[in-house]
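Next come the chains, spelled out residue by residue.
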Amino acid sequence: MIFNIVRTALIALKRDRAALALSFILPIAFFSIFATIFGGAHDSTPKIKVIVVDQDQSRASKELVKGLERESSLILYTRPPAENKNAKPQPDYTAATAEAAVKAGDAPVALIIPQGFGQHPVAFGPDAGGSEIQLLNDQSDMIAPQMVAGLLQKAAMTAMPAAMAEQGMKYTDKYIGGLTEAQRKQMGVNLKELQQLEDERDADRKSEAGGSDSGSGFDGGGIIAVKSRAVVGENKRSPMVSFYAAAIGVMFLLFTASGSAGSLLDEQDSGALDRVLSSRVTMTKLLAGKLTYNTMLAFVQLIVMFLWGWAVFKLDLFSHIPGFVVMGICTAFAVAAFGMLLASLCQTRAQLGALSTLLILIMSSIGGSMFPRYLMPESIQKAGLFTINAWAIDGFTKVFWRDLPVSALWPQVSVLVVVGVALFLIARRAARRWEAT
Amino acid sequence: MGGFIDVEVPPPVRIGLSGFEEKGECKRMTAIGSIAGGTAESGAITAAPLVIDSLVKRFGKLTALGGVSLELHTGECLGLLGPNGAGKSTLIRSIVGRVIPSEGRVAVFGASASSAAARRDLGWVPQELALYPRLTVKENLAAFGRYQGLSGRKLAESVAWCLDWAALKDRAGDLAKGLSGGMKRRLNMAAGIIHRPRIVLMDEPTVGVDPQSRNRIFEMIEALRAEGTSIIYTTHYMEEAQRLCDRVAIIDHGRIIASGTSDELIANAFAKCSQVLARFNGSASAISAWTERHGGKLVDSTAEFTIENSTEIVGLLEDAAKAGLVLEDVSLRRPNLESVFLHLTGRELRD
């Protein structure tokens, strides 16, 4: 009898392609995505974009930049990338334009090598006479500044042998030369200073660990003095709340939109669709009505989610109303059109459920709804640009994280609107099957 | 597709009553395919509520409608009968614009069936319960009313009229999904006529309802007819067609094979003949041979004969006795619409 029950269930599963897809394709798809992102299936380490401004232009600073360029996990920009091959080269970054670029999200980190760096490239701290390299960073990316700071020290050790030797000579002459009594005394004094510096570093680390993360401070962990400063998000109380409000919001918007658009399939099954289309309602009007409703529903969902973020997680919603409204409507429109397309392509609710689950989870994983895209390999980051999630999250990040004006949202708005229109037009074409035959 | 206004009108042809070739002997009476001609009377073309002219619909290699011609008169209830898959639903869907004919035309008061004017004049009650389950009765009616272009006071009046007509006034605030089967059927009908059309197409509106609801539905249809509404009524219940319909058209294999009043169809099919049904004990081969010898047919172990004169029964039974058959039961039956239907469409299962 148990065998009979198993046999009946197997036959039913075989006939239910939607359930089959969910049972086998979805886990494989997810496994592949996560393996690619975290398992090093291709290019394991995500490359970090770093803007470098060499104000010194000394031999030492140039060697340091060359050393950084050799780091495979970094992509260095000394000037904004050209929009196309024939475009006129952009002028080099300055300290101001580099900071603006980090604020705009073009790169998570910028390094400013100050004038005079070549005079004292190796310095044991800010008081040692060397110039500090400024590390400007975006707080939303907590990994990139740490990596860049470490690689900077590595580059200094390996890329500046002449500077290191010169500095070594200076230090030898300064601390050891002659070894006279007076020199010994001098060395003792300097050693004390170094010890004092060590203590100061320890104190700094303790205060950073125990206190609030101000996002800036002296990074004295190496032979090059680095002063890091957060230029984006330094005043945010809950750095990741706005990111996750958008990221999770978009994912569930996609689910809601596809479910809501599925009412078309319910109406098809009940015969209501036939009845409606036999009245004065045309297919285009019907789909446009559904799209409008689904857009409104998705936008209201976003409002509720962000209000919750404001009430519970101190998300600064009311200072960003214009940007939120623009991004909210565009995102809602795009996800609503996506839902309409899925519903018009599927024959049954079961198919819609399987297909939407498959697509939405994949889109959400590579589009940044589950974890930030900057953690992903570059190829996956590029693939993420084909998702609604990525563009919506980028737009909301611009609004809530970077405090950019509405005018700065034009790339995200354009993409979301164009995608929404395109998906709706495809959905309209697919819906011809419901029209008179 | 244009209306019929500018169409060159062929000579008038009488619809129906010509579906049979009368051979003079009841036992040999057979159906002969679609009714001849098929176009409507010229004088009524522009005024007729609904004229269907040589309608053909093909789905790939399958011909669902093979040249159907029909005319619906003002205030008339025309029954459309046919086995499953005969083409009834395709015909109805062609009329309401959900199926585009391969050939032929449908005109609603002279206008093309796809025109906005035709949409206003046509009401469709589909066989499915085409309702919004999570909307109340009143909200359903209002929604479909708006889809038909009603608004404001006119919509409110129409909703009120429909609630009264369907005897659902007391359940106006109830969700559609919570209604009984009969109430859902009545709401389904009301949603189809919310815009008060002059022609209503009803596709098996009494499927799955109890006798009380069925009677109520009959009253609703009669009320519509009293207002002059023209109705096409498809059903598998012959007694409904006999009770409600002025005329009946029988469709099979995509063609109208007979049409006329019930009496006309019976007379044409059977003249003054009656049916004899007899059951015997005996060997199956003997019963079969005896039935065949007398031009009858065996249906579920019952021999059926069509006779002109009741005295023929005596001869039949005497011959049966000679063949060694023991009579179990015999009855004489006057043919009805079901007899005509089965006679014309056969007894083979269609699905």
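Residues numbered from 1 in each chain as written. Chains lettered and ligands numbered in written order. Predicted model: local features only at pLDDT ≥ 70, side-chain atom pairs only at ≥ 80, totals over all residues.

1. As for the sheet that holds strand β15 (residues 302–307) of chain B
Residues and elements named next belong to chain B.
Here is step 1 of the chain: An order of β14-β15-β13-β16 is seen for the four strands of this open sheet, with the pairing classed as antiparallel. In this open sheet, the two edge strands, each paired with only one partner strand, are β14 (297–299) and β16 (326–333). Averaged over all adjacent pairs, the angle separating strand axes in this sheet is 30°, with direction ignored.
Here is step 2 of the chain: Here strand β13 (residues 274–281) runs beside β16; their pairing, made up of seven bridges, is antiparallel. The residue of β16 that forms the bridge with Q275 is R333. (Pairing = 2+ DSSP bridges. Helix = DSSP H or I, 4+ residues; strand = E, 2+ residues; numbered from the N terminus. Axes fitted to C-alpha atoms, helices over the stretch in contact; angles between N-to-C directions.)

2. Considering helix α9 (residues 284–293) of chain B
Residues and elements named next belong to chain B.
Here is step 1 of the chain: Within α9 the residues assigned to the buried category are I287, W290 and T291. In an axial view of α9, the angular spread of the buried residues amounts to 100°, which keeps them on one side of the axis. Away from its buried face, by an angle of more than 90 degrees, α9 presents the exposed residues S285, E292 and R293.
Here is step 2 of the chain: Where the residues of α9 are buried, they touch β13, β14, β15 and α10 (312–322).
Here is step 3 of the chain: Following α9 by one or two positions, G295 has its phi on the positive side, about 75°. (Buried ≥ 20, exposed ≤ 12 C-beta atoms within 10 Å, placed from the backbone. Arc of directions from axis to C-beta. Contact = placed C-beta atoms within 7 Å.)

3. Describing the nonpolar core
Here is step 1 of the chain: V335 and A337 of chain A together with L201 of chain B are the most contacted members of the largest nonpolar core, which has 189 residues in total.
Here is step 2 of the chain: For this core, the leading source of residues is helix α12 (residues 321–345) of chain A, giving 14 residues.
Here is step 3 of the chain: Those residues within four positions of V335 of chain A in sequence are excluded, and the remaining contacts are V250, L253, L254, A257, A298 and I388 of chain A. (Core = buried A, V, L, I, M, F, W, Y, C linked by C-beta atoms within 7 Å.)

4. Side note on the sheet that holds strand β5 (residues 77–81) of chain B
All names here are of chain B.
Here is step 1 of the chain: Ordered by their spatial adjacency, six strands build an open sheet running β8-β9-β10-β5-β11-β12, and the pairing between neighbours is mixed. Strands at the two margins of the open sheet, each flanked by one partner only, are β8 (122–125) and β12 (255–260). Ignoring which end each strand starts from, the neighbouring axes of this sheet average 15° apart.
Here is step 2 of the chain: Bridge analysis of β5 against strand β10 (residues 230–234) gives four bridges, and the strand direction is parallel. Residue pairing in the sheet places L80 in a bridge with T234 of β10.
Here is step 3 of the chain: Sheet strands in contact with helix α5 (residues 181–192) are β8 and β9 (199–203), and its direction is about 160° off that of β8.

5. Things to note about the domain arrangement of chain A
All names here are of chain A.
Here is step 1 of the chain: Each domain of chain A was delimited in the assignment, giving domain 1 (48–232) and domain 2 (237–434).
Here is step 2 of the chain: Taken together, the nine residues of domain 1 in the interface contact seven residues of domain 2.
Here is step 3 of the chain: Here the side of domain 1 that touches domain 2 is composed, by residue class, of four nonpolar, three polar and two charged. (Domains from an automatic or database assignment. Nonpolar A, V, L, I, M, F, W, Y, C, P; charged D, E, K, R; others polar.)

6. Side note on the packing of helix α8 (residues 241–261) of chain A against α12 of chain A
Residues and elements named next belong to chain A.
Here is step 1 of the chain: Running from N to C, α8 and α12 cross one another at 45°; their axes reach a closest spacing of 8 Å. When the axes of α8 and α12 are compared, the pair comes out oblique. Here α8 and α12 pass one another in a crossing that is right-handed. Between α8 and α12, the residues in contact are V250, L253, L254, A257, S258, S260 and A261 and T331, A332, V335, A336, F338, G339, M340, L342 and A343, respectively. (Parallel < 35°, antiparallel > 145°, perpendicular 65-115°, else oblique. Left-handed = near helix turned anticlockwise from the far one by under 90°.)

7. Some words on the domain arrangement of chain B
Accessible area lost upon the coming together of the parts is a frequently used measure of interface size.
Here is step 1 of the chain: Considered domain by domain, chain B is made up of domain 1 (20–267) and domain 2 (274–334).
Here is step 2 of the chain: The straight-line distance from the C-alpha centre of domain 1 of chain B to that of domain 2 of chain B is 40 Å.

8. A word on the interface of chain A and chain B
Here is step 1 of the chain: With 13 residues of chain A at the contact, the number on the chain B side is 18 residues.
Here is step 2 of the chain: Among the elements that line the side of chain A that touches chain B, the one with the most residues is helix α10 (residues 272–277) of chain A, at five residues.

9. Section: the pairing of strand β4 (residues 133–138) of chain A
Residue and element names in this part refer to chain A.
Here is step 1 of the chain: Among the six residues that make up β4, six are buried, leaving the element largely enclosed by the rest of the structure.
Here is step 2 of the chain: Burial of β4 is two-sided: the residues I133, L135 and N137 facing one way and the residues Q134, L136 and D138 facing the other way are all buried.
Here is step 3 of the chain: Examined bridge by bridge, β4 and strand β6 (residues 226–232) share six bridges and lie parallel to one another. From the neighbouring strand, D138 faces β6, where its bridge partner is V232.

10. Focus: the environment of G66 of chain B
Residues and elements named next belong to chain B.
Here is step 1 of the chain: Note on placement: G66 falls in strand β4 (residues 62–72).
Here is step 2 of the chain: Expressed as a C-alpha distance, the spacing of G66 and G173, which sit 107 residues apart in the sequence, is 46 Å.
Here is step 3 of the chain: Discounting residues that sit within four places of it in the chain, G66 has contacts with V56, H253, G254 and R255.

11. Comments concerning the confidence of the model for chain B
All names here are of chain B.
Here is step 1 of the chain: Taken over all residues, the pLDDT of chain B has a mean of 81, while the share at 70 or more is 85%.
Here is step 2 of the chain: The secondary structure element of chain B with the lowest average pLDDT is strand β2 (residues 30–31), at 33, and the one with the highest is helix α4 (residues 152–165), at 95.
Here is step 3 of the chain: Across residues 1–25 the pLDDT falls below 50, and counting only partners more than four positions away or on other chains, this stretch makes 58 contacts in the model.
Here is step 4 of the chain: Segment residues 27–45: pLDDT under 50, and 52 contacts once partners within four positions in sequence are set aside and those in other chains are kept.
Here is step 5 of the chain: On the interface metric, ipTM, the complex scores 0.76, and its pTM is 0.72. (pLDDT = per-residue confidence, 0-100.)

12. Things to note about the environment of L287 of chain A
Residues and elements named next belong to chain A.
Here is step 1 of the chain: As for its placement among the helices and strands, L287 is situated in helix α11 (residues 283–313).
Here is step 2 of the chain: Residue L287 is classed as buried on the basis of its 22 C-beta neighbours within 10 Å.
Here is step 3 of the chain: Sequence-wise, L287 and D54 are 233 residues apart; in three dimensions their C-alpha atoms are separated by 57 Å.
Here is step 4 of the chain: Not counting chain neighbours up to four residues away, the residues in contact with L287 comprise M340, A427, R428 and A431.

13. Concerning the pairing of strand β6 (residues 103–108) of chain B
Residues and elements named next belong to chain B.
Here is step 1 of the chain: The sheet contact formed by strand β3 (residues 50–59) and β6 spans five bridges and is antiparallel. Among the inter-strand pairings, I52 is bridged to a residue of β6, identified as V106.
Here is step 2 of the chain: Relative to strand β7 (residues 111–112), β6 runs antiparallel, the two being bridged by two bridges. Bridging from a neighbouring strand, V108 pairs with A111 of β7.

14. Quick word on helix α16 (residues 410–430) of chain A
Every α-helix carries 3.6 residues per turn, so stepping three or four residues along brings you back to the same face.
Here is step 1 of the chain: Across its 21 residues, α16 of chain A extends 30 Å between first and last C-alpha, which sits within 8% of the 30 Å expected from 1.5 Å per residue.
Here is step 2 of the chain: Against the buried residues of α16 of chain A lie α11, α12 and α15 (388–400) of chain A. (Expected span 1.5 Å × (residues − 1).)

15. Digging into unusual backbone geometry
Here is step 1 of the chain: Residue Q57 of chain A is not a glycine yet carries a positive backbone phi of 55°.
Here is step 2 of the chain: You can see Q57 of chain A is positioned in the loop between β1 (48–54) and α3 (59–69).
Here is step 3 of the chain: C-beta crowding within 10 Å serves as the criterion here: with 12 such atoms nearby, Q57 of chain A is assigned to the exposed category.
Here is step 4 of the chain: Positive phi, close to 50°, is recorded for F109 of chain B, a residue that is not glycine.
Here is step 5 of the chain: Relative to the assigned elements, F109 of chain B resides in the loop between β6 and β7.
Here is step 6 of the chain: For F109 of chain B, a count of 23 C-beta atoms within 10 Å corresponds to the buried category.

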